[in-house]
Number of protein chains: 2
Amino acid sequence: MMANEDPCLSVGSAKRASVLEKGACVSSKFAASHNETSQTKSHPLGPIAAHEIIQSAALIRSCWPDGEECRFKMLTLLEPQKAELLPYLTAERAGQVPEYNIDRRVFVVYSIRGTHNVHEAVVNLTTGKVESNAKLGPFMHPNTDAEEVLAVEKAALEHPDVRAELEKLKLPSGAVVVSDPWIYGSDGVNEGKFFDDRRLMHCFLYMRDPNNPSEPDGCHYSFPLPVVPVVDPATLELIRIDILPTGLDEKVRPLSPWKPVPANEYIPEAQEEMRGDVKPLRVVQPEGTSFTVENYSELGRLIRWQKWEFKVGYNQREGMVLYDVHYDDKPLFYRLSLSDMCIPYGDPRHPFHRKAAFDLGDVGAGVMANNLKLGCDCLGSIYYIDGLLADTHGRPVVMPNVICVHEQDAGILWKHVNYRTSRAVVVRNRELVLQTILTVSNYEYILAWIFNTAGDITYEAKATGILSTQPVDLELTKTPHPFGTVVHPGVLGGYHQHFFSLRVDPMVAGPGNAIVYDEAVALPRDPILNPHGVGYTTHRTEIETSGGYDLDPGKSRTFKIINPSVRNSVNGAAVGYKLMVPPMQPILADADSFHFKRAEFADHSIYVTRYAEGELYAGGRYTNQSRGGEGVRSWANRKDSLAGGDPVVWIQFGINHIPRVEDFPVMPVETLRVMLRPVNFFDRNPAIDVPSSRQEINCSVAVDGSGTSLESAVRGMSLGGDGEERGLTTAAGASRDSPCVCP
Amino acid sequence: MMANEDPCLSVGSAKRASVLEKGACVSSKFAASHNETSQTKSHPLGPIAAHEIIQSAALIRSCWPDGEECRFKMLTLLEPQKAELLPYLTAERAGQVPEYNIDRRVFVVYSIRGTHNVHEAVVNLTTGKVESNAKLGPFMHPNTDAEEVLAVEKAALEHPDVRAELEKLKLPSGAVVVSDPWIYGSDGVNEGKFFDDRRLMHCFLYMRDPNNPSEPDGCHYSFPLPVVPVVDPATLELIRIDILPTGLDEKVRPLSPWKPVPANEYIPEAQEEMRGDVKPLRVVQPEGTSFTVENYSELGRLIRWQKWEFKVGYNQREGMVLYDVHYDDKPLFYRLSLSDMCIPYGDPRHPFHRKAAFDLGDVGAGVMANNLKLGCDCLGSIYYIDGLLADTHGRPVVMPNVICVHEQDAGILWKHVNYRTSRAVVVRNRELVLQTILTVSNYEYILAWIFNTAGDITYEAKATGILSTQPVDLELTKTPHPFGTVVHPGVLGGYHQHFFSLRVDPMVAGPGNAIVYDEAVALPRDPILNPHGVGYTTHRTEIETSGGYDLDPGKSRTFKIINPSVRNSVNGAAVGYKLMVPPMQPILADADSFHFKRAEFADHSIYVTRYAEGELYAGGRYTNQSRGGEGVRSWANRKDSLAGGDPVVWIQFGINHIPRVEDFPVMPVETLRVMLRPVNFFDRNPAIDVPSSRQEINCSVAVDGSGTSLESAVRGMSLGGDGEERGLTTAAGASRDSPCVCP
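Predicted model only: the values in this text are computed from it and were never measured.

Enquirer: Is there a simple way to think about the overall build of chain A in this case?
Expert: For chain A, the helix and strand inventory stands at 11 helices and 34 strands. Classification of the 743 residues of chain A by burial places 66% in the buried group. Nonlocal contacts in chain A, meaning residues at least 24 apart in sequence, comprise 68% of its contacts between residues at least 6 apart. With an accessible surface of roughly 24,100 Å², chain A has 54% of that area assigned to carbon and sulfur atoms.

This is the structure in C-alpha cells:
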C-alpha cells in the first residue's frame, strides 16, 4: 500500500509523523468519555490507563475503512514536553492542585494486519483527535511482539522445506524441535532494495532432550541445530533457510546426521542430587516497611522512603521509569530510566553476524518483565507494582508484579570507634530496592534502582539466564574455538558484548545543571612547594558541547553533574552528584560495521546531549533492523552548546561476555553497578541522623560451631574456657558478656 | 648498645637474623613443657597459643642479663615452610594423622625497653631454642603498639614546650586538647644520619568541642590545631614542634588565637533530630546456620559451608588469614590474606609530606581489630572468632570477637523463565561472610572474605570512619584548596590515596599454577571470514617472569590463575580462576619520592612473584619509616622465571579519596570488591544443585501501600479492583493469586 492510499495520512514527510489539520478523525464520544475521568484520575505522568488504551485504539481504527485491521505494536503514554510539565510538577510540590491544562497524548505504532504498512500516530485524548498519523519510511521497523514471535515459531517449524532440512539430521524418533526466533540484525547488504529492508526474523532451532522430549522445560539450548529458517513476521512467509557453519571457519558443510550428546538441564527435578544443607534465611520486618506508596494516578505510584520521594511509571519500551526524584525536598533527577541495551555477537560468520539484539527497542522492557513471585524473586516485606500494556488488538493487558519494592540490609554504612573510650557508633546501610526482571527469550536481566539513607542511588544490572548457543562439530568439543567457548559437547557459547545505556535527566538542586569531570594530577617537583615529589591536586574540565566521553581510571577521572548556581553551604563548591561508572570495553565491531552504526551508544561510557524532546532512547526509536543515524551518537554529534543548562547524561556500561563452562546450562549472575553519589551537595554526612545499629532492634543470635544458638551472655567460650581463668588479660573494651553498646 | 654487646647476637649480618650455633639459649624446661601439649593441641598452622607466647617471651628474656627489660613488638607464629607444610596438609586431607615432624617456631621482634636497640629473633618451641637473634640494622624500625601510642600522646600533651605553643592559640578555658600520634613517614632527608633514622612519631593535635569538653566521644577532628609535636616513642623525648601551614601555600604563619567554629559530632545524642521511621529489619535463621566450625588447633578454626572448606588463622600483622581453601574437595588456594595497605597523602607541604600510613606493617591488622558486637556489626546468626596476641610484656591478650562469621542473602544468583510455559526457576545467592573491622586511629576498614555457592570468592573492603583533618584558615573556608576539601569551617580533609594489597598464594586444582591474561581483540576485515567487520576473538598472554602488570579495561584484559596440567572435562581448557579487579589510579607520588619507594605495591594492579619463603608483606616486613627495597616491587624485579609453577599473585586496588563534605564528620562507606571466579574450572554451573527459592522456606510478606501485610492471595488489588471484572485480560502466567511456583 502506498502512502497516499492511507485515509489518515497527512501530506508531508513520510519518514516522520506530521500534524493533521484539526478535526480529522475526531471522536467526540471518546473525547467526552475521557473528560469524565480525566479530572479525577489523570496525571500528566500517569501511565496509560485501560480506558485510554481502548479509546486510543478506537480513534486509530476510526481512521481506517472497515475491513482494515490494525495491529498495534506500541500504544503508550506520550509524556508531556518538559516545558509544560516542569511548572506542573513544581506547582504540585508547592501543594497547589495544578489546573489540568496539559493535553493527554498517546503514542501509537501500528500496522495493517498482514502487511508491512506501518504507521506512527499521536492521539490526543483530551481533544479526542488523532493529531498525526504517518506511514513509516524505509529502514524503520516496529518492535516485535509475543503473538508474532509465537506465530513465527509455528510457521518456521511447520514449513515443509524446513522439515525437509531437518530430515537430513536424522533426529531421534520423538524428537521435539524448538524455535527461538531472533530479531534480524541489519547488515546493510542490498542496502535500499526492498528485500533487504523487509522486516524479517531468523529462527535458531534446538531440540529437547530426545530421551525426555515431553519435558516442556527441558534445556533445549544443549541441543542446538544447524538449520535457521528466515521468516517474514508480517506475512509468515518462509524467505529462505540458512545453514550454520559448525566448524572453526566460515565453511558450511552439508547437513549430516545428529550425533547423541548428553542433556544438561537446569530444572531441579532433573538434577542427580540437590544440596540439602542450605538452611532457611528469612528477612522479617515485624513493624512493616519503612516506605509508603500512594497512587499519583490510576497506575502511577508515588514512593516515600527515608527522605526520598519519587514517582514510578511503567511503559512498554522502558518498563520501570522514575520521575521527579527528590531527597529531603531537594530536586535531584527529572527522569531516570534504562534507555537501551545492545548485545552484539562476535562471530563474524553468516548468519551469526546478524546477531545484535536491542532488547528494549526490538521488544520492550515493559513487555518482557517477569511476574515476580513472593518469596522467590524478592525477600522480606514486598510491595508489588503492576503494569498495564496494550496487546496487538489494542486491548489493555494487566502485567502483574512487574516491579517489587522492598528494603534490604547492605551491611554497615558508617562506623567509628574512639580507641580511647572503645565506644563504637555503627549505622547499618538500609536500602530501598525497586527490582524488575526481564526475560528475553534465552536470557534474563535483573534490573534494580537502589536507594540508601546517604543520598546514594545505585543502578544494578545482573545478567543471568541461558546462553544463546550454537552447534559446533562434536569432534571440535575440546578444540579452542575462535568465536566462543564450548560449554557442552557440541555446544558453543559465542562471544558477545552487553551494553546498557542509562538515561539520566538531571535537575540537581534545580534546573541549570552542568557536566564536568575532575581528575587527580601529580604536581611537578618544586623546591618550595613540592620538594619531596609527593604532591597532587585536582583539575576540573567542564563539558561545553554535546559529545561522547570516556572514563580514565588512571587519572581518577570522575564525571559530575553540578549546579553552578547553587553553592554548598560549608565550602561554597557547586553542589553536585558524581557518576561512579564501571569501565567497559567499547564495541569491538569496527566503525564501518552495522553493529557499530546501530549501537549508537556502545562506543563511549558517557554521552552528554542537550535536552531535546523525544530523545529518550540511545539506540533510536526504531532499533529493529535499524541502520543507525537515529540515536545518541547522532544527537551528540550536533555539538550542541550545553550553555543552556539542560544537559542529559547517558551512562554506558557492560561486559564482554567470554562464556565459561560455569555459565551453562544457566549462568550465575554477572553484576554491574552504577552509582550516583552526592558530592558537596549536603552540608555533612546525610546519614548522620540514622539511628545506630542495636541488638534490641536487630535481635541477632550468636551461635556455636554447630550453628545453633548460644546465650549471648555466655558466648565467647571459643577459647575453650574463660580467658581470665587461664591468666589471660583481655583487650580494652572486650569484656565477653558486654551487651550491645553501639549507641 | 652496639651489636657485639648483645649476649645472643650471632656473628654475621646485622641486617637480617642468622642462625645461632645449636645449644645457645636453650631452655630444656620450656622444651619439655611444650612437648606435653604439642601432640594434643598444636597444628602447624594453629595461631600462637597462650602457653607458646609465655614460653617464647621467657626464652627471649633468658638471652639477656637480669635488668634488661624486653619490650615485645611482635610475637607471632612463624609459619612452616611450604615444602614441609604442603605434604602435611595433603596427608591431613587424606585422613591420615600426619606424624608431627614440623618444628613449631615463633617470630619475635623486641626492643630493650627505653632504647632503640631492636632485635629480630626466631624461637623454636619444639627444641626450646632461640634459633636466631639479631639486632635490626639501620632503616629498619618495628611497628608501634597501643601502649606506646598512649604514652606518646601523654608525653606530647604534657611537655611544657608544647603547652607553651598551645598557649599562643588562646584556646577557650576548659578546652581539652587531644593527640593523634602518627607514624612518621620517612622522607629520606639527612639520609643515613642518626637523627633521621631515629624512630619518631608526630602528633596531630585537636580539641574537643569547647562547649562540651567533657564528652570523651566528641569529634575532635572538627577542631584541628596547627601544633605538631614530634616525639621519640622509645625515650618519649620531645624532638621538636612542627607548626602547620594553614593557608593555600607552604608558608607557616606565627600562631594566632583560635577562632570559634561550630561542632560537628557523629554520636547520636548530639544530633538535633534522629530519624524515627527506620523500621526493624531482622535476619532470622530458624534452623540455625548452614556452616559448621571446628577447632583445628586451640585457636585455629576449620569452617565448612556449602562445599567450601578452609582454615581461619589470625595473627598480629595480617589479622584474619585463610589457609588451605578447598571447594568440593578441590584445592584452590594455599593461603589468602590482606598483605598490606598504604595511604599516602597528597599535601606536599611540611610536615604533611610525611603522612603515608602502612596500617598493617606500622601497627598490625590483628592489633587494630574491633571487638564486634552482636546485632551491631553483623546481622543474623553469628559465630564469633577470638584472637590471641602478645602484649609488650610478652603476655597473652585475648582479642574477643575479632571475626564474625555469618550467612547473608545477596539477591538472585541465577534465574531462567521459559516464556513458552512461564515456568521460572530462581535460585538465590547465599553467601558466607567472614568480617573483621579495623580501627586505625581516626579511620575504619571493614574487611570481609565472602564465599558463595557458585565457587566465587569476593574480598570486600569498605572504607569508613573519620578523615584525618588539618586546620585551614577560617577565611579560606569557601576558597577551593589545592590539596584537599574543606569539610567544615576551618577544617581541611586532605586528598589521599588508599592502596590495598591482597596476597593470593594459589593451588588451583593443585600445584603447578601459571598466570595468564586474556584480551578480546577485534578481527581485521576480511572478505571471507569477517566481511561485515563485526568479528572478534580472544588472545592469551602467559606471564613468564615475575613483574608488575596493569589492567586494561579497554581490552577486557583479564588475569587468570590456571593449572595447565589439569584440563576441563567438557572443553579441555586449562582449569582456572579469574581475577576481577577494580581499576585504580596508581600512586601519584613520583618514582623518586619516598612514598613511591616505600609503597612497593602501589604502582601496579597486579604483581606476580615466584614463591619465596618469608615474602608475605607487599610493603616489606618493616614498613615503619621504611626506605623501600624490601617489598613486592623489589622481589618482582628479580625477574624470576615462573616456570617453576609456584607463582604468588598480589592484587592491588584502592581509591583516590577526594573528600566530599558528605564524608564528614564520619564517612559513608566507600566499597571496593575483588572477585576470584572459576573459569572453566567446573564442568557446569556449580550452583545448579542449589534448591530453588521458595516462599514455603522464605516466608516473605506482601504489603500494601502503608507497608503493612496483605494476604498474598488477595494482593494485587493495586489496579483498584480485579482486572477481569473490568474487562482486562491478564498476561500469561499472571494469575494474581498463584502460589509461589518457582520450583
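Additional details are given in the paragraphs that follow.
Enquirer: Even after reading the chapter, I still don't get the interface of chain A and chain B, so can you show me in this structure?
Expert: It is common to report an interface's size as the accessible area lost on association of the parts. On the chain B side, the residues contacting the 224 residues of chain A number 224 residues. Of the roughly 17,900 Å² buried between chain A and chain B, counting both surfaces, carbon and sulfur atoms make up 53%. Taken as a group, A:R275, A:R282 and A:Y536 account for 5% of the area that chain A buries against chain B, more than any other trio of residues on that side. Here chain A and chain B share 14 salt bridges between them. Our count for the chain A to chain B interface comes out at 134 residue pairs in polar contact (both at pLDDT 80 or more). The greatest single-element share of the side of chain A that touches chain B, amounting to 18 residues, is contributed by strand β17 (residues 396–418) of chain A. Relative to strand β16 (residues 381–390) of chain B, strand β33 (residues 701–702) of chain A is paired through two bridges, and the arrangement is parallel.

Enquirer: How should the relation of the copies chain A and chain B be read in this particular structure?
Expert: Both copies of the chain are tied together by a single rotation about an axis and a shift running along it. Under the fitted operation, chain A is carried onto chain B by 0.0 Å of movement along the axis and a turn of 180 degrees, and the coordinates agree to an RMSD of 0.0 Å. The operation mapping one copy onto its partner corresponds to a two-fold rotation axis. Within chain A, A:V283 has its C-alpha nearest the rotation axis, a separation of 2.4 Å. A share of 100% of the interface residues of chain A reappears at the interface of chain B, consistent with the copies meeting face to face through the same patch.

Enquirer: Is there a simple way to explain the packing of aromatic side chains in this structure?
Expert: What characterises a pair of aromatic rings is the spacing of the ring centres plus the angle enclosed by the ring planes. The full count for this structure, using the stated rule, is 44 aromatic pairs over all chains. The interplanar angle of 80 degrees and the centroid separation of 5.3 Å between the aromatic rings of A:Y327 and A:F682 together place this pair among those described as edge-to-face. Linking A:Y327 in strand β13 (residues 319–327) with A:F682 in the loop between β32 (667–679) and α11 (695–698), this pair joins segments that are 355 residues apart in sequence. The same class applies to A:Y327 and to A:F682, which are both buried. One aromatic cluster in this structure is built from A:W308, A:F310, A:Y327, A:F333, A:F451, A:Y577, A:F681 and A:F682. The ring of A:Y334 has A:K82 sitting right over it, with the charged end atom 4.7 Å from the ring centre. Its guanidinium or amino end placed over the ring of B:Y296, B:K311 lies 5.9 Å from that ring's centre, counting from NZ or CZ.

Enquirer: Any chance you could explain the nonpolar core here in plain terms?
Expert: Nonpolar side chains in soluble globular proteins generally cluster together in the buried interior. Counting residues in each nonpolar core, the largest one holds 98 residues, and the members touching the most others are A:F333, A:L434, A:F451 and A:I651. Those residues in contact with A:F333 that sit more than four places away from it in its chain are A:Y323, A:D324, A:V325, A:I457, A:V504, A:D505, A:P506, A:M507, A:V508, A:I561, A:Y577 and A:L676. In terms of nonpolar packing, the next biggest core, distinct from the first, is built from 97 residues, B:W182, B:L322, B:Y445 and B:F500 among them.

Enquirer: Explain the state of the cysteines to me, please; I cannot follow it from the model alone.
Expert: By definition, a disulfide links two cysteine residues through a covalent bond between their sulfur atoms. Residues and elements named next belong to chain A. In this structure the tally under the stated criterion is two disulfides over all chains. Sulfur-sulfur distance for the disulfide between C378 and C404 comes to 2.5 Å. The sign of the -110 degrees torsion about the S-S bond sets the C378-C404 disulfide as left-handed. Taken together, the positions of C378 in the loop between α8 (365–368) and β16 (381–390) and C404 in strand β17 put the pair 26 residues apart, joining distant regions of the chain. Under the relative-accessibility criterion, C378 is labelled buried at 0%.

Enquirer: Teacher, can you tell me more about unusual backbone geometry here?
Expert: Excluding glycine, residues mostly have negative phi values, and the peptide bonds linking residues are mostly trans. Following A:F664, the chain continues to A:P665 via a peptide bond in cis, the omega torsion being 0 degrees. Position of A:P665 relative to the elements: it lies in the loop between β31 (647–657) and β32. Following B:H350, the chain continues to B:P351 via a peptide bond in cis, the omega torsion being 0 degrees. With respect to the helices and strands, the residue B:P351 is situated in the loop between β14 (330–344) and β15 (356–357). One non-glycine residue, A:N401, lies in positive phi territory at about 55 degrees. In this structure, A:N401 sits in strand β17.

Enquirer: I tried to follow the confidence of the model for chain A on my own but got confused; where do I start?
Expert: All names here are of chain A. Here chain A averages 90 in pLDDT, and 89% of its residues register 70 or above. Predicted confidence for residues 712–727 stays below pLDDT 50, and this span has 31 contacts to residues more than four positions away or in other chains. Predicted confidence is poor over residues 732–743, with pLDDT under 50, and the contacts of this stretch with residues over four places away or in other chains come to 37 contacts. The ipTM value of the predicted complex is 0.93, and its pTM value is 0.93.

Enquirer: Teacher, can you tell me more about the UniProt feature "domain: Copper amine oxidase catalytic" (unreviewed entry) in chain A here?
Expert: Under the feature "domain: Copper amine oxidase catalytic" (unreviewed entry), the UniProt entry names residues 282–688 of chain A. Structurally, residues 282–688 of chain A comprises 5% helix and 50% strand, and the distance from its first C-alpha atom to its last is 28 Å.

Calculation rules
- Residues numbered from 1 in each chain as written.
- Chains lettered and ligands numbered in written order.
- Predicted model: local features only at pLDDT ≥ 70, side-chain atom pairs only at ≥ 80, totals over all residues.
- Heavy atoms only, no water.
- Helix = DSSP H or I, 4+ residues; strand = E, 2+ residues; numbered from the N terminus.
- Buried < 20%, exposed > 50% of the residue type's maximum accessible area, 1.4 Å probe, protein only.
- Contact = heavy atoms within 4.5 Å.
- Areas by Shrake-Rupley, 256 points an atom, 1.4 Å probe, with all protein chains shown as cover.
- Buried area = accessible area lost by both parts, 1.4 Å probe.
- Salt bridge = Lys/Arg side-chain N within 4 Å of Asp/Glu carboxyl O.
- Polar contact = N/O pair within 3.5 Å; in protein donor to acceptor, adjacent residues only side chain to side chain.
- Pairing = 2+ DSSP bridges.
- Least-squares fit on C-alpha atoms with pLDDT ≥ 70 in both.
- Phe/Tyr/Trp six-rings, centres within 6.5 Å; stacked < 30°, edge-to-face > 60°.
- Lys NZ or Arg CZ within 6 Å of the ring centre and 35° of its normal.
- Core = buried A, V, L, I, M, F, W, Y, C linked by side-chain atoms within 4.5 Å.
- Disulfide = S-S within 2.5 Å.
- pLDDT = per-residue confidence, 0-100.
- UniProt positions renumbered as here; feature names shortened; annotations may be inferred.

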